[in-house]
Amino acid sequence: MASLSATRLLPSVTTSASATRFSYRSALSLSSLRSSLLLSRLFLPQKSALGRFSSRRIGYSTVPSPKCSASDPDQLKSAREDIKELLKTKYCHPILVRLGWHDAGTYNKNIEEWPQRGGANGSLRFEVELKHGANAGLVNALKLLQPIKEKYSNVTYADLFQLASATAIEETGGPKIPMKYGRVDVSGPEQCPEEGRLPDAGPPSPAAHLRDVFYRMGLNDKEIVALSGAHTLGRSRPDRSGWGKPETKYTKDGPGAPGGQSWTVQWLKFDNSYFKDIKERRDEDLLVLPTDAVLFEDPSFKVYAEKYAEDQDAFFKDYAEAHAKLSNLGAKFDPPEGFSLDDSPPKGQPEKFVAAKYSTGRD
């Protein structure tokens, strides 16, 4: 998706003794990008500066896996609370969703071996994968989460990325995601997937492209449309992705770094506005990409898009299921069945979101 970060780069930090130094040494300018947008800012590439993760030697460095293969449930619960506090101050919900999606979205159902099949395995923490065009700017999300990772050493990166993504959805008023944890991390950059597995924002045949990419992941038309609804969050910045306006009346005052063009008026509130706004197309300050418009043009996609525009409860239900499925793609769990952080399955709808007052839409 597009430029969804509402935060600025944080100062460099250093990992725990078992990890290498994690520092932002220099900005590597990326050529103009108009490619990959996983449905929205989430899978949309950015042209922002990319930091180097340096070790004691010059060149790319790696962030090793924790000593234990699976995450500690108590540490994960504590990490979730820290993520909630981070969201309250940095308004980084969209970029954290995008981080989780991009780590999982490389999955190829036609490859059986792990980690060659890609998916939610923490590989996105390595610079070789961060440098993929579709991942431009995600170094910002990694830097936001790194202090939490250092604090909770028995949490894997793979789990942390998916935990942050699901928490961000829930904290913006979205549905409770039925998540499970225990994902194992890949151990080195040589285990990262090749570039080119994530979607593009403006392909010649948007519907065919979306199906090619998401069918490869094992997702269907309903799940493609439901996941597209996450475009309700975030903004696209033309200086990073090549898409959208420099600013609109909805984004010029932030929060976070001002600017960019959003898909919805309240772009930090998770609801079904994305589908309503695409269908009506009455506001030139709201973004509609080719991969957005096709949801109401393709006969199969349109059935679900129309449904979600009319029925938010139906959208929330299908989105929660699709998000959880995406978060599990390609993952290797320890224990094999994974584990939940909640004592009982979620019931009912989340509390009404009231923190979107910043977005008034006034000039």
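This structure is a prediction, so every number in the text was calculated from the model and none was measured.

This part takes up the overall build of the chain. When helices and strands are tallied, the chain shows twelve helices and four strands. Across the 363 residues of the chain, 59% fall into the buried class. Pairs at least 24 residues apart make up 77% of the contacts formed inside the chain by residues separated by at least 6 positions. If you sum the accessible surface of the chain, you get close to 14500 Å²; carbon and sulfur atoms cover 47% of it.

Bringing the packing of helix H1 (residues 73–90) against helix H4 (residues 138–151) into the picture now. Running from N to C, H1 and H4 cross one another at 155°; their axes reach a closest spacing of 11 Å. As the angle between them shows, H1 and H4 are arranged roughly antiparallel. Handedness of the crossing formed by H1 with H4: right-handed. The segment H1 lies against H4, with Ala79, Asp82, Ile83, Leu86 and Lys90 engaging Leu144, Leu145, Ile148 and Lys151.

Here we take up the packing of H4 against helix H5 (residues 157–171). At a minimum axis separation of 11 Å, H4 and H5 run at an interaxial angle of 120°. The orientation of H4 with respect to H5, classified from their angle, is oblique. When the axes of H4 and H5 are compared, the crossing they make is right-handed. Every residue of H5 that contacts H4 at Leu142, Leu145, Gln146, Ile148 and Lys149 is listed here: Tyr157, Leu160, Phe161 and Ala164. Taken together, the residues of the contact of H4 with H5 sort by class into seven nonpolar, one polar and one charged.

Counted according to the given criterion, the structure contains 16 salt bridges. Taking the shortest distance from any N to any O, the salt bridge between Asp159 and Arg183 comes out at 2.8 Å. Taken together, the residues Asp159 in helix H5 and Arg183 in the loop between H5 and helix H6 (206–217) connect sequence positions 24 residues apart. The pair formed by Asp159 and Arg183 is uniform in burial state, with each residue classed as buried. Here Glu297 makes a salt bridge to Arg281, at a shortest N to O gap of 3.9 Å. One end of the pair, Glu297, is in the loop between helix H10 (290–293) and helix H11 (299–310); the other, Arg281, is in the loop between helix H9 (273–280) and H10, and 16 residues separate them in sequence. The class of Glu297 is exposed, set by a relative accessible area of 53%.

Our next topic: the nonpolar core. Residues Ile83, Leu96, Leu145, Phe275, Leu295 and Tyr319 are the most contacted members of the largest nonpolar core, which totals 75 residues. Sorting elements by how many residues they give to this core places H5 first, with eight residues. With residues near it in sequence (within four places) discarded, Leu96 still touches Ile83, Leu86, Leu87, Ala141, Leu145, Phe161, Ala164, Ser165 and Ala168. In this structure, Trp114, Phe126, Val186 and Cys192 belong to the second largest nonpolar core, which totals five residues.

Another point: the side chain of Thr106. Among the secondary structure elements, Thr106 is positioned in the loop between helix H2 (93–104) and helix H3 (127–130). There is a polar contact of 3.0 Å between the side chain of Thr106 and the backbone nitrogen of Gly119. Contact partners of Thr106, with chain neighbours within four places excluded, come to Arg117, Gly118, Gly119, Glu129, Pro193, Arg197, Leu198 and Arg216.

It is worth spelling out unusual backbone geometry at this point. Pro255 follows Gly254 through a cis peptide bond whose omega is 10°. As for its placement among the helices and strands, Pro255 is situated in the loop between helix H8 (238–241) and strand S4 (261–262). Here Asp334 and Pro335 are connected by a cis peptide whose omega angle stands at 5°. Inspection of the secondary structure assignment puts Pro335 in the segment after helix H12 (312–328). Backbone geometry at Tyr91 places phi at a positive 50°, although glycine is not the residue there. Along the chain, Tyr91 falls in the loop between H1 and H2. Taking relative accessible area as the criterion, Tyr91 reaches 33% and is therefore assigned partly exposed. Residue Arg281 is not a glycine yet carries a positive backbone phi of 50°.

This part covers the environment of Pro335. Its relative accessible area of 28% is what places Pro335 among the partly exposed residues. Separated by 153 residues in sequence, Pro335 and Gly182 have C-alpha atoms that sit 6.4 Å apart.

Tracing the chain through its elements places Thr156 in the loop between H4 and H5. A distance of 3.2 Å separates the side chain of Thr156 from the backbone nitrogen of Asp159, its partner in a polar contact. Within the local environment of Thr156, its side chain forms a polar contact with the backbone oxygen of Arg183, the two atoms lying 2.9 Å apart.

Glancing now at H2. Helix length check: H2 (twelve residues) gives 17 Å between terminal C-alpha atoms against 16 Å at 1.5 Å per residue, within 8%. Burial of H2 is extensive: twelve of the twelve residues sit out of reach of the surface. For H2, the complete set of buried residues consists of His93, Pro94, Ile95, Leu96, Val97, Arg98, Leu99, Gly100, Trp101, His102, Asp103 and Ala104. Buried residues belonging to H2 abut H1, H3, H4, H5, helix H7 (221–228) and H12.

We now examine H7. Most of H7 is tucked away: seven of the eight residues are buried. Every buried residue of H7 is listed here: Asp221, Glu223, Ile224, Val225, Ala226, Leu227 and Ser228. Buried residues in H7 make contact with H2, H6, H9, H11 and H12. Of the residues flanking the start of H7, the one acting as N-cap is Asn220, its side-chain oxygen 3.2 Å from the backbone nitrogen of Lys222.

Rules used throughout
- Residues numbered from 1 in each chain as written.
- Predicted model: local features only at pLDDT ≥ 70, side-chain atom pairs only at ≥ 80, totals over all residues.
- Heavy atoms only, no water.
- Helix = DSSP H or I, 4+ residues; strand = E, 2+ residues; numbered from the N terminus.
- Buried < 20%, exposed > 50% of the residue type's maximum accessible area, 1.4 Å probe, protein only.
- Contact = heavy atoms within 4.5 Å.
- Areas by Shrake-Rupley, 256 points an atom, 1.4 Å probe, with all protein chains shown as cover.
- Axes fitted to C-alpha atoms, helices over the stretch in contact; angles between N-to-C directions.
- Parallel < 35°, antiparallel > 145°, perpendicular 65-115°, else oblique.
- Left-handed = near helix turned anticlockwise from the far one by under 90°.
- Nonpolar A, V, L, I, M, F, W, Y, C, P; charged D, E, K, R; others polar.
- Salt bridge = Lys/Arg side-chain N within 4 Å of Asp/Glu carboxyl O.
- Core = buried A, V, L, I, M, F, W, Y, C linked by side-chain atoms within 4.5 Å.
- Polar contact = N/O pair within 3.5 Å; in protein donor to acceptor, adjacent residues only side chain to side chain.
- Expected span 1.5 Å × (residues − 1).

Function cannot be inferred from these measures alone, as they are strictly geometric.
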